[in-house]
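What the coordinates show
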Amino acid sequence: MKKSALLIGLLCLLVSCTVYEPSSPITSPDGKGMAVLSFKKTTDVPMPGPEPPRTKERWTRLTVWRTGAVVYDTGFEKVGVYQTGLGTYDLLWSSDSSFLAYRMLNTFRIIAMDGKVTSFNIIKDNALISSFKWIGNKEILVVSKGVDEPLGMYGDPVHYHGYLAKATYVKVSKIHLDTGVIERFRLQINHPTFIFHSLGFVVDEISPYSSRVAFSDGENINVFDDESGKVIATAPVNGTIQGIWWSDNNTVILGLGLLSKPELKFAVFNISDCTVEDVTKKLLPFWDHRSYSQSNWFRPGLE
């Protein structure tokens, strides 16, 4: 009996493998804080042939340091086997380095440097957070979107669909760390591609220069301005928007059909006069799919 148990134990060791991958450290603006995401998965032993080994389980861990000491550690949290690495999670330090905003799947946490954690329930239905940005040391703008497929269908917990899904509505919320969440804007939309921002997938729905949000409603590109509380610009777009980057606070770069090369195009949306100009010839030479990890990939093409 003991020999059988030993053989079974040895067999389990031979047919599975655990892989551990930490991300590059994400340093706070003042240089005293550091956040690292770590990923771990258990797979079957690789077999001869082209197929990769089956993933059995996945975990994610966030560790936050301040002046060399750990102030927060999630430990390894189990996630669905269909999750990807840096394309699924997002982190952003506040400008004064006092807080770290962390999105893990459909959860949203604010981590203070004394280790205190506050969770905010932005999502109340079949939706996912797509982008967020600090607009003050204690205030965050959050963009979320409904998705057209049940969130649990690809794994448990919630699978982060991203480009696999279409959006059903867009919502802009504002979080103040002292007063809570308020909804600023919500609009039903006609199933555009679900665009999102993550550590490994850099598109900018929210302007780096202000509290403006660019989004597709399925037929048009739109810009919501949080200061005025309304959509300030809209224009029809011929193509499927699958990339958004801000050149300046008045100019948005659009990537059209980036996942289907025969249709791949680029355009510039001018907010002041609501015009869309084709710039495919200028920008196409500077694009490849790795450009999704570079927020300013298009700059050389506009010079």
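Shown above is the structure to which this text applies.
Residues numbered from 1 in each chain as written. Predicted model: local features only at pLDDT ≥ 70, side-chain atom pairs only at ≥ 80, totals over all residues. Heavy atoms only, no water.

Topic: the overall build of the chain
- The number of helices and strands found in the chain is 3 helices and 21 strands.
- On C-alpha atoms alone, the chain measures out to a radius of gyration of 21 Å, which is about the 19 Å that the 2.2 N^0.38 rule sets for 303 residues.
- Each of the three principal axes of the chain carries a C-alpha extent, and together these read 80 × 50 × 40 Å.
- Put simply, the chain has 303 residues, and 47% of those count as buried.
- Taking the intrachain contacts of the chain between residues at least 6 apart in sequence as the baseline, contacts between residues at least 24 apart amount to 50%.
- Carbon together with sulfur atoms contributes 54% to the accessible area of the chain, which is approximately 14,800 Å² in total.
- Seen as two clouds, the 31 positive and the 31 negative side-chain charges of the chain have centres 7 Å apart. (Helix = DSSP H or I, 4+ residues; strand = E, 2+ residues; numbered from the N terminus. Rg over C-alpha atoms; globule rule 2.2 N^0.38 Å. Buried < 20%, exposed > 50% of the residue type's maximum accessible area, 1.4 Å probe, protein only. Contact = heavy atoms within 4.5 Å. Areas by Shrake-Rupley, 256 points an atom, 1.4 Å probe, with all protein chains shown as cover. Lys, Arg positive; Asp, Glu negative; His and termini not counted. Charge placed at Lys NZ, Arg CZ, Asp CG, Glu CD.)

Side note on the pattern of salt bridges
- Using the criterion set out here, one finds 11 salt bridges in the structure.
- Residues Arg212 and Asp225 are paired through a salt bridge, measuring 3.3 Å at the closest nitrogen-oxygen approach. Of this pair, Arg212 sits in strand β15 (residues 212-216) while Asp225 sits in strand β16 (residues 220-225), and the two are 13 residues apart along the sequence. Across the pair, Asp225 and Arg212 agree in class, each one buried.
- Several salt bridges share partner residues, and in doing so they unite Lys174, Arg184 and Asp226 into one network. (Salt bridge = Lys/Arg side-chain N within 4 Å of Asp/Glu carboxyl O.)

Focus on empty space enclosed by the protein
- Applying the stated criterion across every chain, the model contains 1 cavity of 30 Å³ or more.
- In this structure, the largest cavity encloses a volume near 70 Å³.
- In terms of lining, the largest cavity is formed by Lys145, Ala167, Val170, Ile189, Pro192, Thr193, Ile195, Glu205, Ala214, Phe215, Ser216 and Ile244.
- Where the lining of the largest cavity is concerned, the elements lending two or more residues are β13 (167-176) and β15. (1 Å grid on protein atoms, 1.4 Å probe; cavity = no way out; pocket = protein on both sides within 12 Å on 5 of 7 lines; lining within 4 Å. Points joined across faces, edges and corners; volume = space filled by probe spheres on them.)

Looking at the sheet that holds strand β7 (residues 89-93)
- Taken in spatial order, the 4 strands of this open sheet run β7-β8-β9-β10, and their pairing is antiparallel. With one partner strand each, in any of the chains shown, β7 and β10 (117-119) form the two edges of the open sheet. Going from strand to strand, the sheet's axes swing by 20° on average, the running direction of each strand aside.
- Here 3 bridges tie strand β9 (residues 107-112) to β10, and the two strands are oriented antiparallel to one another. Along β10, the bridge assignment pairs Ile110 with Thr118. (Pairing = 2+ DSSP bridges. Axes fitted to C-alpha atoms, helices over the stretch in contact; angles between N-to-C directions.)

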